[in-house]
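Read off the chains here:
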Amino acid sequence: MQARPRLIVATRNAHKTAEIRSMIGDRYEVLDATHFPQCPEIDETGTTFLENARLKALGVSRVVEGWVLSDDSGLEVDALGGAPGVWSSSFGGEEGNHPLNNARLIREMAGKFERRARFRCTMVLARSGEEVAHFSGVVEGRIIEVARGSEGFGYDPLFIPEGYSETFSELGEEVKNSLSHRARALAQVADFLRDLSRGESN
Ligand code: ITT
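Residues numbered from 1 in each chain as written. Predicted model: local features only at pLDDT ≥ 70, side-chain atom pairs only at ≥ 80, totals over all residues. Heavy atoms only, no water.

Participant: Can you help me understand the packing of aromatic side chains in this one?
Facilitator: Each aromatic ring pair is specified by the distance between its two centres and by the angle formed by the two planes. One pass over the structure, following the stated rule, counts 4 aromatic pairs. On the basis of an interplanar angle of 15° and a centroid distance of 6.1 Å, the ring pair of Phe 119 and Phe 168 is categorised as stacked. Of this pair, Phe 119 sits in strand S4 (residues 116-127) while Phe 168 sits in helix H4 (residues 168-171), placing them 49 residues apart in sequence. Taking the centre distance of 5.4 Å and the plane angle of 35° together, the rings of Phe 159 and Phe 168 count as tilted. Side by side, Phe 159 and Phe 168 carry an identical accessibility label, which is buried. Connected via pairs of aromatic rings, a cluster forms that spans Phe 119, Phe 159 and Phe 168. It is Arg 104 that lies over the ring of Phe 91; its NZ or CZ is 4.1 Å from the centre. (Phe/Tyr/Trp six-rings, centres within 6.5 Å; stacked < 30°, edge-to-face > 60°. Helix = DSSP H or I, 4+ residues; strand = E, 2+ residues; numbered from the N terminus. Buried < 20%, exposed > 50% of the residue type's maximum accessible area, 1.4 Å probe, protein only. Lys NZ or Arg CZ within 6 Å of the ring centre and 35° of its normal.)

Participant: Explanation requested: the nonpolar core in the structure shown.
Facilitator: Note that soluble globular proteins tend to have their nonpolar side chains buried in a common cluster. If you look at the biggest cluster of nonpolar residues, it comprises 20 residues, and the most contacted ones within it are Leu 7, Ile 24, Met 123, Leu 125, Leu 186 and Val 189. Mapped onto this core, the elements with two or more residues apiece are strand S1 (6-9), helix H1 (14-24), strand S3 (67-77), S4, strand S5 (130-143) and helix H6 (181-201). Residue contacts for Leu 7: discarding those within four places in its chain leaves Ile 24, Tyr 28, Glu 29, Val 30, Leu 31, Trp 67, Leu 69, Leu 125 and Leu 193. Among the nonpolar cores identified, the runner-up in size contains 18 residues, and Ile 143, Ile 144, Phe 168 and Leu 179 belong to it. (Core = buried A, V, L, I, M, F, W, Y, C linked by side-chain atoms within 4.5 Å. Contact = heavy atoms within 4.5 Å.)

Participant: What's the story with the layout of surface pockets in this structure? I'm lost.
Facilitator: Where empty space is left becomes clear once a probe the size of a water molecule has been rolled over the atoms. Estimated volume of the largest pocket: approximately 850 Å³. Together, 35 residues line the largest pocket, and Lys 16, Glu 44, Lys 56, Ser 89 and Glu 95 are the ones closest to its centre. Within the residue set of the lining of the largest pocket, elements represented by two or more residues are helix H2 (49-61), S3, helix H3 (98-109) and H6. Along the lines of polarity and charge, the residues of the lining of the largest pocket split into 10 nonpolar, 14 polar and 11 charged. Looking at the second largest pocket, it is lined by 15 residues, and the ones nearest its centre are Pro 5, Tyr 28, Leu 193, Arg 194 and Ser 197. Top contributing element to the lining of the second largest pocket by residue count: H6, with 6 residues. A breakdown of the residues in the lining of the second largest pocket according to their chemical character gives 7 nonpolar, 2 polar and 6 charged. (1 Å grid on protein atoms, 1.4 Å probe; cavity = no way out; pocket = protein on both sides within 12 Å on 5 of 7 lines; lining within 4 Å. Points joined across faces, edges and corners; volume = space filled by probe spheres on them. Nonpolar A, V, L, I, M, F, W, Y, C, P; charged D, E, K, R; others polar.)

Next up, the structure:
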């Protein structure tokens, strides 16, 4: 079997890496920033998903060889004017603390009739410190009042995708990875890389 090309995900979020690996791990050897001690901590100082995705992809691709893919993602809730959005990871007051984030979301949504929300994911593909392309994916849905389910991560126990009656956490990995914001962005990345490698071999 031919060796799979390496795709380095510019993240330290093990859940993101696991989802990306489960979606394209048959075609790419998926590694992340935790495999490369030279990867810097990247301050996400942007005010859009694209700005932050660029900071992460370029920061890592300056110090690691090969294809680097970043993922900046978050939840936009209509009744909260699009919050937590770019600040999804620290909504509860502490970076990456999912229980605190979910507790704040439940509090802020208490008694609200308008429950529409969406997950958004922006990915930047980079190489040698240069952006090559960017992609984005969205999944529409709604926020429920009490967390349900045990799979996934982040806001998954509070989010029901459109067309379903269970949360991402209840639906589980296979269903989530067939329709999520991340799956939709990643499908475009995979098409882009496939077209590129076909072009190179012609
Ligand atoms: P990296 O920056 O290292 O990639 P991170 O978790 O800080 O990891 P982001 O800055 O992109 O990543 O923040 C994403 C946050 O949005 C994440 O912490 C969750 O709170 C939420 N989120 C993103 N995708 C999600 C998903 O598929 N399911 C549930 N919550 C998600």
